[in-house]
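Letter by letter, the chains look like this.
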Amino acid sequence: HEETCFDGNSWPNDEVYRNAPSMPGKCVHCGHGDKQCTNNAHDCLSCEDGYEIFVTFKDCSGFCVDAETMYYFTDIVNIEFPWDTEQCKLWN
């Protein structure tokens, strides 16, 4: 989807995310499934320029973050998930 994607600049109500050094970016493409349910910050499949996906789900969706926030999530707070996000699979 494109028309209902998350437009950036707010984190979910979770302390780990709220303490990130910058706000998430805008999703260019988002979610799998009903477009009414894919407008959350973590439903991004592609990001605006200057951002990349911090994968949070097995379907390769996640947050759009800048390099500083990616470093914060991966190296400072060391967010880990119960699945291997390196091996995510896009849903068709």
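In what follows, the structure referred to is the one given above.
Residues numbered from 1 in each chain as written. Predicted model: local features only at pLDDT ≥ 70, side-chain atom pairs only at ≥ 80, totals over all residues. Heavy atoms only, no water.

Chemist: Quick question: what am I supposed to make of the state of the cysteines here?
Modeler: The term disulfide refers to a covalent linkage connecting the sulfur atoms of a pair of cysteines. Taken as a whole and judged by the stated rule, the model has three disulfides. Put simply, Cys27 and Cys44 are joined by a disulfide, and their sulfur atoms are 1.6 Å apart. Across the S-S bond linking Cys27 and Cys44, the dihedral sits near -40°, which makes this disulfide left-handed. In this pair, Cys27 sits in strand β1 (residues 27-30) while Cys44 sits in strand β2 (residues 44-47), placing the two residues 17 residues apart along the sequence. The two residues Cys27 and Cys44 agree in class, both being buried. (Disulfide = S-S within 2.5 Å. Helix = DSSP H or I, 4+ residues; strand = E, 2+ residues; numbered from the N terminus. Buried < 20%, exposed > 50% of the residue type's maximum accessible area, 1.4 Å probe, protein only.)

Chemist: Just to check I follow, could you spell out unusual backbone geometry for this structure?
Modeler: As a rule of thumb, non-glycine residues mostly have phi less than zero, and peptide bonds are mostly trans rather than cis. Positive phi, normally seen in glycine, also occurs at Asn9, with a value near 70°. Despite not being glycine, Asn78 has its phi angle at roughly 50°, a positive value. In this fold, Asn78 is placed in the segment after α2 (67-76). Look at Asn78 and you get partly exposed, because its relative accessible area is 42%.

Chemist: Help me out: how do you make sense of the packing of aromatic side chains in this one?
Modeler: The geometry of two aromatic rings is summed up by the distance between their centres and the angle between their planes. Per the counting criterion, the structure on display carries seven aromatic pairs. Their ring planes at 75° and their centres at 5.6 Å tell us that Trp11 and Phe73 sit as a pair that is edge-to-face. A residue pair is termed long-range when its members are at least 10 positions apart, and Trp11 in the segment before α1 (15-18) and Phe73 in helix α2 qualify at 62 residues. Each member of the pair, Trp11 as well as Phe73, carries the same accessibility label: buried. Between Tyr17 and Phe63 the ring centres are 4.8 Å apart and the planes differ by 45°, which places this aromatic pair in the tilted class. Of the two residues, Tyr17 sits in helix α1 while Phe63 sits in strand β4 (residues 62-65), which places them 46 residues apart along the sequence. A residue is classified by how much of its surface remains accessible, and Phe63, at 2% relative accessible area, is buried. (Phe/Tyr/Trp six-rings, centres within 6.5 Å; stacked < 30°, edge-to-face > 60°.)

Note that every value here comes from positions in space, so none of it alone points to a role or purpose.
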